Amino acid sequence: MTQHGKVLAIVTNYGVEQDELLVPVRHLRENGVHVDIAAPERNEIRTLVGDKDPGKTVQPTLTLDEIDAAGYDLLLIPGGTINADTLRLHQAAVDTVLAFTTAGRPVAAICHGPWLLAEAGVAYGKQLTSYPSLRTDLANAGATWTDEPLVTDDADNWRLVTSRNPGDLEHFLRGIDTALRTQVGAADVH
């Protein structure tokens with residue numbers, strides 16, 4: 001199934017969970033979607049497997065400070081404990097989340113990625129899932145946490161797609177595909 005559209009993945013230069021970045025990026029690109037990967041620096045992104053073992057390295061296509069969120073149809077926030085905890089300290093990453101949600105464009109976050117949603121103040125009123133250790137943080141941010149492989153929520157006029165961990169990637173990809181198809185289709189109508 002060939003799709004169109006542009007997706008932005010935001011990560012840090014160290015600590016993103018390898019498959020939570022590379023599997024969606026490969027899936028989307030193989031289906032005709034343009035994907036940019038933004039990181040704080042232009043240096044290579046060093047992924048990890050299971051938060052500890054060295055994974056593959058990836059070159060970012062732009063820096064967080066160079067992002068023009070208006071040019072994208074969906075925001076992808078991969079997990080990895082170190083990645084997610086560090087990413088939420090970057091104001092450009094928080095601002096990117098706000099730009100997408102304010103414009104009503106979908107956000108897909110997996111594993112520890114939803115920490116950034118709490119930091120941006122957009123988790124409130126959303127039903128979502130994540131790595132189980134984030135449950136209390138997300139509840140404190142006003143979200144309703146559910147232990148499911150895929151949770152999609154359209155509250156507040158923007159779609160949130162969330163999954164728990166790399167084991168949920170098949171579900172996560174299906175949620176991303178649906179959100180992107182809906183977003184790009186809506187953009188074609190306007």
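Residues numbered from 1 in each chain as written. Predicted model: local features only at pLDDT ≥ 70, side-chain atom pairs only at ≥ 80, totals over all residues. Heavy atoms only, no water.

Caption draft 1: The arrangement of the pairing of strand β8 (residues 107–110) in detail. Burial along β8 is two-sided: the face carrying Val-107 and Ala-109 and the face carrying Ala-108 and Ile-110 are both buried. With four bridges joining them, β8 and strand β12 (residues 160–163) adopt parallel strand pairing. Within β12, the residue paired with Val-107 across the bridge is Leu-160. (Buried < 20%, exposed > 50% of the residue type's maximum accessible area, 1.4 Å probe, protein only. Helix = DSSP H or I, 4+ residues; strand = E, 2+ residues; numbered from the N terminus. Pairing = 2+ DSSP bridges.)

Caption draft 2: Expanded view of helix α1 (residues 18–30). When the terminal C-alpha atoms of α1 are compared, their 18 Å separation across 13 residues agrees well with the 18 Å that a helix rising 1.5 Å per residue should span. The complete set of buried residues in α1 reads Gln-18, Glu-20, Leu-21, Leu-22, Val-23, Pro-24, Val-25, His-27 and Leu-28. Looking one or two residues beyond α1, the residue adopting positive phi is Gly-32, at roughly 85°. (Expected span 1.5 Å × (residues − 1).)

Caption draft 3: Just the nonpolar core, in detail. Core analysis: the biggest nonpolar cluster contains 32 residues, and Leu-8, Ile-10, Ile-77 and Leu-117 have the highest contact counts within it. For this core, the elements supplying multiple residues, two or more each, are β1 (6–10), β7 (74–77), α2 (81–87), α3 (91–102), β8 and α4 (115–120). With five residues, α3 is the single largest residue contributor to this core. Residues in contact with Leu-117, not counting those within four places in the same chain, are Ile-77, Val-97, Val-107, Ala-109, Val-122, Ala-123 and Leu-160. (Core = buried A, V, L, I, M, F, W, Y, C linked by side-chain atoms within 4.5 Å. Contact = heavy atoms within 4.5 Å.)

Caption draft 4: Broad picture of the side chain of Thr-47. Of note, Thr-47 is situated in strand β4 (residues 45–49). You can call Thr-47 buried: its relative accessible area is 2%. Separated by 2.6 Å, the side chain of Thr-47 and the backbone oxygen of Lys-56 make a polar contact. Beyond its immediate stretch of four places on either side in the chain, Thr-47 contacts Val-16, Gln-18, Asp-53, Pro-54, Gly-55, Lys-56 and Val-58. (Polar contact = N/O pair within 3.5 Å; in protein donor to acceptor, adjacent residues only side chain to side chain.)

Caption draft 5: Layout of the packing of aromatic side chains. By the definition in use, this model includes zero aromatic pairs. The lysine or arginine in question, Arg-88, covers the ring of Trp-115, its NZ or CZ lying 4.1 Å from the ring centre. If you follow Lys-126 out to its NZ or CZ, it ends over the ring of Trp-158, 4.0 Å from the centre. (Phe/Tyr/Trp six-rings, centres within 6.5 Å; stacked < 30°, edge-to-face > 60°. Lys NZ or Arg CZ within 6 Å of the ring centre and 35° of its normal.)

Caption draft 6: Quick peek at the sheet that holds β7. Here seven strands make up an open sheet; going across it, the order is β6-β3-β1-β7-β8-β12-β11 and the pairing mixed. Whereas interior strands pair on both sides, the edge strands pair on one side only; in this sheet they are β6 (62–63) and β11 (151–153). Here β1 pairs with β7 via three bridges, running parallel. Among the inter-strand pairings, Val-7 is bridged to a residue of β7, identified as Leu-74. Contacts from α1 reach β1, β3 (34–39), β7 and β8, with the element oriented near 155° to β3. Sheet strands in contact with α3 are β1, β7 and β8, and its direction is about 140° off that of β7. (Axes fitted to C-alpha atoms, helices over the stretch in contact; angles between N-to-C directions.)

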